[in-house]
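# Structure assessment
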Amino acid sequence: MSETSELFDQIVNLSKRRGIVFPSAEIYGGFRSTYDYGPIGVLMLRNVKDAWWRSMVQLRTDVVGLDASILSPPQVWEASGHLSNFSDPLVDCKSCGSRHREDKLDDPDTCPTCGEKNQFTEAREFNLMFETQAGPVKDSASTAYLRPETAQGMFINFANVLNTSRKKPPFGIAQVGKSFRNEITPGNFVFRTREFEQMEMEFFVPPEEANKWYEYWCDQRMQWYIDHGITPENLRLRPHADDELSHYSSGTSDVEYKFPWDWDELEGIANRGDYDLTQHANASGQKLDYFDPQTNSRWTPHVIEPAAGATRTMMAFLMDAYHEEQVNDETRTVLKLHHRIAAYKIAILPLSKKPELAGPAQEIFAQLSQNWMCDFDETQAIGKRYRRQDEIGTPYCVTVDFDTLEDKAVTVRDRDSMEQVRLPIEDLQNWFTEKLN
Ligand code: GAP
């Protein structure tokens, strides 16, 4: 897997230059494939998560949300199968000491670090969970794990949610949050990191409806990426072969994006059967099933799980939106992001710093920022400021000029077409409500 491509470098450079993503602990030389999201990145990442939550929870009557703890006791991970199964095959190079994931090597006999052949140790299984201690006493009773997926929080709260939310199958529980995996080979910028964010939903269905809902969620999830601006040709749904399936899954398809290195996974949609609820019911001794008053029977719902990565998805949005265009002998870098994903929706730009323009510009900012994340920039020439907003993907710029003082109107510039229209200030609220819906 190669990290070097022009687009890859452009995205890493833009991220650093414009405050999207910084290497973590950079002043100490960086820290092992962890990243910090800067002033623009934190907004974009939040927008990715909000766009997911909007379509998975807000716009539906059959899905509710949850925010479960990150720390959990070993029993959870024993029952889920993660303590015994959640591992990757690890090999060491006897020549240079580097460690690799055996199943990700381009050539299984050659060390990608030093190039030596046939120097790998036998593969051994390496569990990817981060183990820690809860409380001041370091003994086996205090062992805890950072969750490697958000999913188990939904399963162990199934009965709590069922009993309090007045939902019945088919219904879903959705969660967005951090997960942690001690990846052997993190890399490709924020694509594979040890700390990352997931957006997962467990959809509990009558067993005989599982296949229908699996197909349904595969379609819905593909459409979500397209609706938020991903080029359809760069997206595909790839069903897993039998030998790829996770220990819990009877069917999985990956939503894959055409990254600069290859097609790679954004999201997995899995038919998990009744594996998780049954495992937790057996291990905890609690009932994790559903009493169906219509048929007067008890059954364990099957689960369809669309499981996406927020940080990885943000990277795909960045790559898909990145364009360089020739405009008047100059190269314009522009992120053609969907407005829901863009960090700022509107930039308010007074043509000069003079107080007579700053006043009305501040008033417009105060008004529009009630509803949308807006930037305010009064430095440098207007052309440079447009370019700065293009680079971070702001869909609209509002320019306040000296005519504004007379006609109470402003110039609104569209990021993609660069066309400008003159609009009365009093119409801005309605105009943007329509455009940014
Ligand atoms: N509950 C099922 C589950 O966690 P997964 O395929 O292991 O399934 C779901 O993870 C998604 O989480 C992946 O499709 C990916 O987008 C994201 N993800 C997984 N590991 C990641 C990592 N190390 N770095 C960034 N994102 C990751």
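Here the structure is shown first, and the text comes after it.
One structure accompanies this document, and this report is about it.

About the criteria used
Residues numbered from 1 in each chain as written. Predicted model: local features only at pLDDT ≥ 70, side-chain atom pairs only at ≥ 80, totals over all residues. Heavy atoms only, no water. Helix = DSSP H or I, 4+ residues; strand = E, 2+ residues; numbered from the N terminus. Buried < 20%, exposed > 50% of the residue type's maximum accessible area, 1.4 Å probe, protein only. Contact = heavy atoms within 4.5 Å. Areas by Shrake-Rupley, 256 points an atom, 1.4 Å probe, with all protein chains shown as cover. Lys, Arg positive; Asp, Glu negative; His and termini not counted. Charge placed at Lys NZ, Arg CZ, Asp CG, Glu CD. Phe/Tyr/Trp six-rings, centres within 6.5 Å; stacked < 30°, edge-to-face > 60°. Patch = residues over 30% accessible without salt bridge, like charges linked within 9 Å, V, L, I, M, F, W, Y side chains within 5 Å. Salt bridge = Lys/Arg side-chain N within 4 Å of Asp/Glu carboxyl O. Pairing = 2+ DSSP bridges. Axes fitted to C-alpha atoms, helices over the stretch in contact; angles between N-to-C directions. Core = buried A, V, L, I, M, F, W, Y, C linked by side-chain atoms within 4.5 Å.

### Here's the deal with the overall build of the protein
Along the backbone of the protein there are 13 helices and 24 strands. Reported as C-alpha extents along the three principal axes, the dimensions of the protein are approximately 75 × 65 × 50 Å. Scored against the burial criterion, the 437 residues of the protein give a buried share of 51%. Once local pairs closer than 6 in sequence are excluded, the contacts in the protein between residues at least 24 apart make up 64%. If you sum the accessible surface of the protein, you get close to 21,000 Å²; carbon and sulfur atoms cover 46% of it. For the protein, the distance from the average site of its 47 positive side-chain charges to the average site of its 69 negative ones is 4 Å.

### Brief notes about the packing of aromatic side chains
A complete count under the given rule lists 22 aromatic pairs for this structure. Measuring from ring centre to ring centre gives 5.0 Å for Y216 and W217, while their planes differ by 85 degrees; the resulting arrangement is edge-to-face. The exposure class of W217 is buried, given its relative accessible area of 1%. Taken together, the ring pairs in this structure connect F8, F191, Y257, F259 and W261 into an aromatic cluster.

### Some details on a nonpolar patch on the surface
On the surface, a cluster of nonpolar side chains totalling about 220 Å² of accessible area is made up of L351, F402 and L405. Checked against the element boundaries, L351 lands in the loop between strand 20 (346–350) and helix 10 (355–368). On the basis of relative accessibility, which here comes to 37%, the residue L351 falls in the partly exposed class.

### Side note on the sheet that holds strand 22 (residues 396–400)
Strands sit in the order 21-20-22-23-24 across an open sheet of five strands; the sheet is mixed. The open sheet terminates on both sides in strands that have one partner only, identified here as strand 21 (374–376) and strand 24 (420–424). Looking at each pair of strands side by side, their axes are set apart by 25 degrees on average, direction ignored. Where strand 23 (residues 409–414) lies against strand 24, five bridges are found, and the strand directions are antiparallel. Across the sheet, residue A409 finds its bridge partner in strand 24, namely P424. This element, helix 10, spans strand 20, strand 21, strand 22 and strand 23 of the sheet and lies at about 165 degrees to strand 20.

### Some words on the environment of V303
Note on placement: V303 falls in strand 17 (residues 302–309). Its relative accessible area of 1% is what places V303 among the buried residues. Beyond its immediate chain neighbours, meaning those up to four positions away, V303 contacts F155, E202, F203, F204, A270, N271, R272 and G273.

### A few points about the environment of A210
Tracing the backbone through its elements, the reader meets A210 in helix 7 (residues 210–227). What A210 contacts, discounting residues up to four positions off in sequence, is V205, N271, H302 and I304.

### Concerning the nonpolar core
By size, the foremost hydrophobic cluster in this structure holds 58 residues, and its most contacted members are F259 and M315. The contacts of M315, once residues within four sequence positions are left out, are F8, N188, F189, V190, F191, F259 and W261.

### Topic: the pattern of salt bridges
Applying the stated criterion across every chain yields a total of 31 salt bridges. We note a salt bridge from K178 to E195, for which the minimum N-O separation is 2.7 Å. Taken together, the residues span a long stretch of sequence, with K178 in strand 10 (residues 171–180) and E195 in strand 11 (residues 195–205) at a distance of 17 residues. Classification of E195 as partly exposed rests on a relative accessible area of 36%. Note that R238 and E256 form a salt bridge whose closest N and O atoms lie 2.8 Å from each other. Of this pair, R238 sits in strand 12 (residues 235–239) while E256 is found in strand 13 (residues 251–258), placing the two residues 18 residues apart along the sequence.

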